[in-house]
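These are the residues of each chain, in order.
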Amino acid sequence: MTAIKHALQRDIFTPNDERLLSIVNVCKAGKKKKNCFLCATVTTERPVQVKVVKVKKSDKGDFYKRQIAWALRDLAVVDAKDAIKENPEFDLHFEKIYKWVASSTAEKNAFISCIWKLNQRYLRKKIDFVNVSSQLLEESVPSGENQSVTGGDEEAVDEYQELNAREEQDIEIMMEGCEYAISNAEAFAERLSRELQVLDGANIQSIMASEKQVNILMKLLDEALKEVDQIELKLSSYEEMLQSVKEQMDQISESNHLIHLSNTNNVKLLSEIEFLVNHMDLAKGHIKALQEGDLSSSRGIEACTNAADALLQCMNVALRPGHDMLLAVEQQQQRFSDLRENFARRLASHLNNVFVQQGHDQSSTLAQHSIELTLPNHHPFHRDLLRYAKLMEWLKSTDYRKYEGLTKNYMDYLSRLYEREIKDFFEVAKIKMTGTTKESKKFATLPRKESAVKQETESLHGSSGKLTGSTSSLNKLSVQSSGNRRSQSSSLLDMGNMSASDLDVADRTKFDKIFEQVLSELEPLCLAEQDFISKFFKLQQHQSMPGTVTEAEDTDGGTLSRQHNAGTPLPVSSEKDMIRQMMIKIFRCIEPELNNLIALGDKIDSFNSLYMLVKMSHHVWTAQNVDPASFLSTTLGNVLVTIKRNFDKCISNQIRQMEEVKISKKSKVGILPFVAEFEEFAGLAESIFKNAERRGDLDKAYTKLIRGVFVNVEKVANESQKTPRDVVMMENFHHIFATLSRLKISCLEAEKKEAKQKYTDHLQSYVIYSLGQPLEKLNHFFEGVEARVAQGIREEEVSYQLAFNKQELRKVIKEYPGKEVKKGLDNLYKKVDKHLCEEENLLQVVWHSMQDEFIRQYKHFEGLIARCYPGSGVTMEFTIQDILDYCSSIAQSH
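Below is a summary of the structure that appears in this document. Quantities reported herein were computed from a predicted structural model and do not represent experimental measurements. (Residues numbered from 1 in each chain as written. Predicted model: local features only at pLDDT ≥ 70, side-chain atom pairs only at ≥ 80, totals over all residues. Heavy atoms only, no water.)

Taken in spatial order, the eight strands of this open sheet run β4-β3-β2-β1-β7-β6-β5-β8, and their pairing is mixed. Of all strands in the sheet, those with a lone pairing partner are β4 (64–71) and β8 (128–130), marking the two edges. Strand-to-strand twist of the sheet, defined as the mean angle between neighbouring strand axes without regard to direction, takes the value 30 degrees. The pairing of strand β1 (residues 18–28) with strand β7 (residues 97–102) spans three bridges and is antiparallel. For Cys27, the partnering residue across the bridge sits in β7 and is Val101. In this fold helix α1 (residues 2–13) packs onto β1, β2 (36–43), β3 (50–57) and β4, with an angle of close to 115 degrees to the strand it touches most, β1. Packing against the sheet, helix α2 (residues 105–123) makes contact with β1, β2, β3, β5 (77–79), β6 (89–93), β7 and β8, and its axis sits at approximately 135 degrees to β1. (Pairing = 2+ DSSP bridges. Helix = DSSP H or I, 4+ residues; strand = E, 2+ residues; numbered from the N terminus. Axes fitted to C-alpha atoms, helices over the stretch in contact; angles between N-to-C directions. Contact = heavy atoms within 4.5 Å.)

Before going further, it helps to spend a moment on the pattern of salt bridges. Applying the stated criterion across every chain yields a total of 35 salt bridges. Note that Arg66 and Glu18 form a salt bridge whose closest N and O atoms lie 3.0 Å from each other. Of this pair, Arg66 sits in strand β4 while Glu18 sits in strand β1, and the two are 48 residues apart along the sequence. Classification of Arg66 as partly exposed rests on a relative accessible area of 30%. Accessibility expressed as a relative area gives 5% for Glu18, which makes it buried. Taking the shortest distance from any N to any O, the salt bridge between Lys408 and Asp412 comes out at 3.5 Å. With Lys408 and Asp412 both in helix α14 (residues 400–434) and four residues apart, this pair spans about one turn of that helix. For Lys408, a relative accessible area of 32% corresponds to the partly exposed category. A network of salt bridges, in which partner residues are shared, links Glu341, Arg345, Asp399 and Lys402. (Salt bridge = Lys/Arg side-chain N within 4 Å of Asp/Glu carboxyl O. Buried < 20%, exposed > 50% of the residue type's maximum accessible area, 1.4 Å probe, protein only.)

Next up on the list: the nonpolar core. Counting 172 residues, the largest nonpolar core has Tyr410, Val518 and Val846 as its most contacted members. With 14 residues, α14 is the largest single contributor of residues to this core. Excluding anything up to four places from it in sequence, Val846 contacts Met730, Leu763, Tyr766, Val767, Val832 and Leu836. (Core = buried A, V, L, I, M, F, W, Y, C linked by side-chain atoms within 4.5 Å.)

Now for a nonpolar patch on the surface. On the surface, Ile171, Met174, Met175 and Leu192 cluster together to form a nonpolar patch covering roughly 280 Å² of accessible area. Tracing the backbone through its elements, the reader meets Met174 in helix α5 (residues 165–177). (Patch = residues over 30% accessible without salt bridge, like charges linked within 9 Å, V, L, I, M, F, W, Y side chains within 5 Å. Areas by Shrake-Rupley, 256 points an atom, 1.4 Å probe, with all protein chains shown as cover.)

The next point concerns unusual backbone geometry. Going from Arg46 to Pro47, the amide bond is cis rather than trans, its omega being 0 degrees. Take Pro47: it is sitting in the loop between β2 and β3. Of note, Lys81 is a non-glycine position whose phi angle comes to about 75 degrees, a positive value. Along the chain, Lys81 falls in the loop between β5 and β6. The partly exposed category is assigned to Lys81, whose relative accessible area is 31%. Even without glycine at this site, Asn131 takes up a positive phi of about 55 degrees.

Residues Ala7, Leu8, Gln9, Ile12 and Phe13 constitute the buried set of α1. Among the structural elements, β1, β2, β3 and β4 are those in contact with the buried residues of α1.

Take the side chain of Thr41 next. Along the polypeptide, Thr41 turns up in strand β2. With a relative accessible area of 0%, Thr41 lands in the buried category. Here Thr41 is in contact with Phe13, Glu18, Arg19, Leu20, Gln49, Val50, Lys51 and Val53, once residues within four sequence places are set aside.

The geometry of helix α22 (residues 608–626) relative to helix α23 (residues 631–659) is characterised by a closest axis approach of 9 Å and an angle of 155 degrees between their N-to-C directions. Between α22 and α23, the angle falls in the class roughly antiparallel. Of the two possible hands of crossing, α22 and α23 adopt the one that is left-handed. Seen from α22, the contacting residues are Ser609, Leu610, Met612, Leu613, Met616, Ser617, His619, Val620, Ala623 and Gln624; seen from α23, they are Leu632, Ser633, Leu636, Gly637, Val639, Leu640, Ile643, Lys644, Asn646, Phe647 and Cys650. When the residues that make up the contact of α22 with α23 are grouped by side-chain class, the tally is 13 nonpolar, seven polar and one charged. (Parallel < 35°, antiparallel > 145°, perpendicular 65-115°, else oblique. Left-handed = near helix turned anticlockwise from the far one by under 90°. Nonpolar A, V, L, I, M, F, W, Y, C, P; charged D, E, K, R; others polar.)

Turning to empty space enclosed by the protein, a few remarks are in order. A complete count under the given rule lists five cavities of 30 Å³ or more for this structure. There is about 60 Å³ of room inside the second largest cavity. Breaking the lining of the second largest cavity down by element, the ones donating at least two residues are α19 (500–536), α21 (590–604) and α23. In terms of residue class, the lining of the second largest cavity is built from eight nonpolar, two polar and one charged. (1 Å grid on protein atoms, 1.4 Å probe; cavity = no way out; pocket = protein on both sides within 12 Å on 5 of 7 lines; lining within 4 Å. Points joined across faces, edges and corners; volume = space filled by probe spheres on them.)

Note: disulfide means a covalent bond formed between the sulfur atoms of two cysteine side chains. Summed over all chains, the structure comprises zero disulfides. This cysteine, Cys39, is not joined by any disulfide, and Cys36 carries the nearest cysteine sulfur, 9.3 Å off. Taking relative accessible area as the criterion, Cys39 reaches 0% and is therefore assigned buried. (Disulfide = S-S within 2.5 Å.)

With that out of the way, let us pick up the pairing of β6. Burial of β6 is extensive: four of the five residues sit out of reach of the surface. In terms of strand pairing, β5 meets β6 through three bridges, oriented antiparallel. In the sheet register, Val78 faces β6, and the bridge partner there is Leu92. Here five bridges tie β6 to β7, and the two strands are oriented antiparallel to one another. Of the residues in β7, the one forming a bridge with His93 is Ile97. Where β6 hands over to β7, the hairpin turn is made up of three residues, counted between the paired strands.

Moving on: the pairing of β3. Two elements, β2 and β3, share six bridges in a ladder whose sense is antiparallel. Its bridge partner being in β3, Leu38 is matched across the sheet by Lys54. The hairpin formed by β2 and β3 contains six residues between the paired strands. Pairing geometry for β3 and β4, over seven bridges, is antiparallel. Its bridge partner being in β4, Lys54 is matched across the sheet by Ile68.

Below you can see the structure in the form of structure tokens.
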């Protein structure tokens, strides 16, 4: 510590003209131990300033820095905490209290002692020292005039006493009277001693002269003492007189205290009685309402509701300690319990009767709804029951067992009622769907070997879709010649005055409207019932569910509600689950009936799955936006899965029917049925799925179907015997390309380009194949010429070859006069017309391509003649213009 003190004096205080008197190593109380030093310092210049300085070691090195300084005059209190036991803690009260813990009690005591000395020396005892040992302060008291205040460093300061002006003047006078004092100090001291003796003698004489006055003073003191004794006697008599008064006042005070205590107890007792009377007293009107109130009238329901709320408040009052031990309180609570039990039983019985009556009342209205495709309106019933909503909330809070019993009874009665209504509703829907297809049942029983006309008539009556139809109709019709189909179609149109497509569209539109009507009726019915259940059974409230532990089971044995002890809050998710389970129990027949209706629609026409997919997707999307976990959303989602499976099955059946197509060996193929059917499917699908939510399902179906069409067109083309393969490919891919271009289906852009490429390739291939070598001998001749040139003979030397001289060329050319060429082209036109079908109308396109190809060959021959037989004057016997005239006249004549 000495080394630290020396270092602090040297580094911190000496540069500031200060002297370090005491030091103590401390840390703040109650915090992390960060040590610092408190230093007591004085300035070396006058006037002296005393400070307490806090010095802390720097974080960046081993040197110390001055952190904060307080003037000692600002120190109000020094609290040493304990004057008896050794305690290193102490407080310094400056502008606020600083709590310190010294490294040792000795250091703390030394520092406090130094502060006390400085206070005595410079501040004249302005600082209060609390809990400081008196022994410590006594040790610090100076024992002589010249004793140091703070130690050896202050001795020089204490020995020097500055003379005041009077003392200085007296000394000067005395020095003037004794000039020898400076040169002979002994003589001066002896003189002063003699003068002091003279003064002492004068003082003794003065005291002896005043003896008489002293005697007079003593006499007066004796008289004063006698007067004091008399006063004390009087005070004693007064005290005896007041003693009895004091006793009386004590008795009065004690009596007043008892009276005040009694009044206080009476006030408290009155407060407790008023509390019990105000909170546990049920009005007679409420009691009468609970016992005899009319639960069928609005006024009676309101009175019972108010009485039930008042009863609940009385039962739920928070009793103060000791109230439950009062007999009157126990009797009143028992009375309340009896009232609650009796009213709960009466309420449950009445509501059960209301549920039963509702079933009978609604059954009487079913007949009028059986004609129209509408569901009965339950709003009046809901409106009547909602009057009991507050009573149901009260029952839920007070008797959960009866509440659950009512819930189960409501589900039982309403499930039977809704089952009758919904089944009748779906029967009407089925009748409306199949009403126009009764005649088709006759054809449904026909054997598979009936004629194609009967099967086509069956499709006209709507028993199956034109695209997919029944498997028998597709297999029987297969691929017939266009002439046969046209004749059959015309006869059927004459019979029915309506096309099969018109009938299909009408039936499908009718089905679409009926299906939409079914969903539009079911959706508000379910939403209204769910909203009613939520409001009536109070399943949206965040409140506790007191009552007994019960479980209600549905018909499948599943638990409707979990166990709930009294006062246990029902989570929001559990309330939603309870609503959903109640809806499942009440509307358990909706999903099976919807599935049956979907199966019927799919049986009537597999294309109906497209309508159902779009409508159901929209309703599911709407329901999920309201509540994704609701009963309606879940049920419609399950049904949507079934519809999607039927849709996928429809697509798979179409692909399978494509693969099973058989073509006639005696008639030309033309446009394949499944190509035309794909066009119909795509057109219908685009009109149905316009702005639909599930466009992705259709795009996937398109991709599957178009690949199946491509594969099976090529398969049929390879199997075709009557019609050339290129014609089958060209016509059908042209039809596919035209369909995709017209419908502009974005997901089939690549297939559209592929169809166009296939159509172009097979058109060129058919033209080359059909045109062949119309000038056969001339072709053979020039092939020989080209062979010689390929062997290395120069073109102008070919005419010197014996087999290819000018005479041979003229001989070959003469065999193909213009008349012969026109005849060959006419035969070719007839052949092409025989191959192509009228539906696609590609005859002129093909004929124009053949004309261009023939002209190309002609130009090729002319070029060879010009190069290999220059200057020979040999030319063809017809010109390009002749070819154009021949082709034009042939086309016009046919």
